[in-house]
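Coordinate inspection notes
If you want the building blocks of each chain, they are given just below.
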Amino acid sequence: PTTTASVLRVALLLRLLVPLDASLNWVLSDLLTAREVSQHVRHGFWYLAVVVRIVAWAAAATSALALSGFDVSSMITAWGFAGFAVTLSMQQVIKDLFNTFRLFLNRPFDEGDEVNLGGGLGNGIVKAVDLTHTTVAMLNSNQELLVPNVQIADGKVENYSRMEGRRRGMIE
């Protein structure tokens, strides 16, 4: 391709990517301000957004080189191997992030809610929701329990604070 056509293609690519980057920032900030979340979760989502931006800009740089006439087949292969290696090495972290995201969207409980997490854990008051775990103050044992978000997202959660007409009584 001619030099002018290559420059125009790269300019068009950048013209499309800059608003996408800005819209990602807007959606993330809107999502985090719409729901009250802990500082750890907020930082985790911002780090995830940074990773998405880096990947998007790296793909744009590779596309710009390809549009300029460079052979990028070896670069694309290297990106594939790097992505595969990172995915394998960060498998548990990625799983924790997606389960935290599931909890964030489903919102089965808020901080201060009384919940039963099932699995024999018992009842407790939710103290905090972080990236990898939820802190619950157990009512029956006076302990703080750190429950992995994977376990909560895959299990049964009863939120007593959201039940209407719940009856509590003493049996004598």
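What comes next is a walk through the structure. Keep in mind that this is a model prediction, so the values were computed, not measured.

1. A word on the overall build of the protein chain
When helices and strands are tallied, the protein chain shows 5 helices and 5 strands. Going from N to C terminus, the protein chain has its helices and strands arranged as α-α-α-α-β-β-β-β-α-β. Out of the 172 residues in the protein chain, the part that is buried amounts to 27%. Intrachain contacts of the protein chain at a sequence separation of at least 6 include 53% that bridge at least 24 residues. Carbon and sulfur atoms form 63% of the exposed surface of the protein chain, whose accessible area is close to 11600 Å².

2. Describing the pairing of strand 2 (residues 123-129)
Relative to strand 2, strand 1 (residues 114-116) runs antiparallel, the two being bridged by 3 bridges. If you follow Glu 114 over to strand 2, its bridge partner there is Ile 125. Here strand 1 folds back onto strand 2, and the loop between the two strands holds 6 residues, one of which, Gly 118, carries a positive phi near 70°.

3. Digging into the sheet that holds strand 3 (residues 133-138)
Sheet architecture is open: 5 strands sit in the order 4-3-2-1-5, paired in antiparallel fashion. If you trace the sheet from one side to the other, it starts and ends with strand 4 (144-148) and strand 5 (158-159), each paired once. Inspection of the sheet shows strand 2 paired to strand 3 by 5 bridges, in the antiparallel sense. Looking at strand 3, one finds that Ala 128 is bridged to Thr 135.

4. What to know about the environment of Leu 121
Note that Leu 121 resides in the loop between strand 1 and strand 2. Residue Leu 121 is classed as partly exposed on the basis of its relative accessible area, which comes to 23%. Separated by 24 residues in the primary sequence, Leu 121 and Leu 145 have C-alpha atoms spaced 9.0 Å apart. If near-sequence neighbours (up to four positions away) are discounted, Leu 121 is found in contact with Met 138, Leu 145, Val 147 and Gln 151.

Rules behind the numbers
- Residues numbered from 1 in each chain as written.
- Predicted model: local features only at pLDDT ≥ 70, side-chain atom pairs only at ≥ 80, totals over all residues.
- Heavy atoms only, no water.
- Helix = DSSP H or I, 4+ residues; strand = E, 2+ residues; numbered from the N terminus.
- Buried < 20%, exposed > 50% of the residue type's maximum accessible area, 1.4 Å probe, protein only.
- Contact = heavy atoms within 4.5 Å.
- Areas by Shrake-Rupley, 256 points an atom, 1.4 Å probe, with all protein chains shown as cover.
- Pairing = 2+ DSSP bridges.

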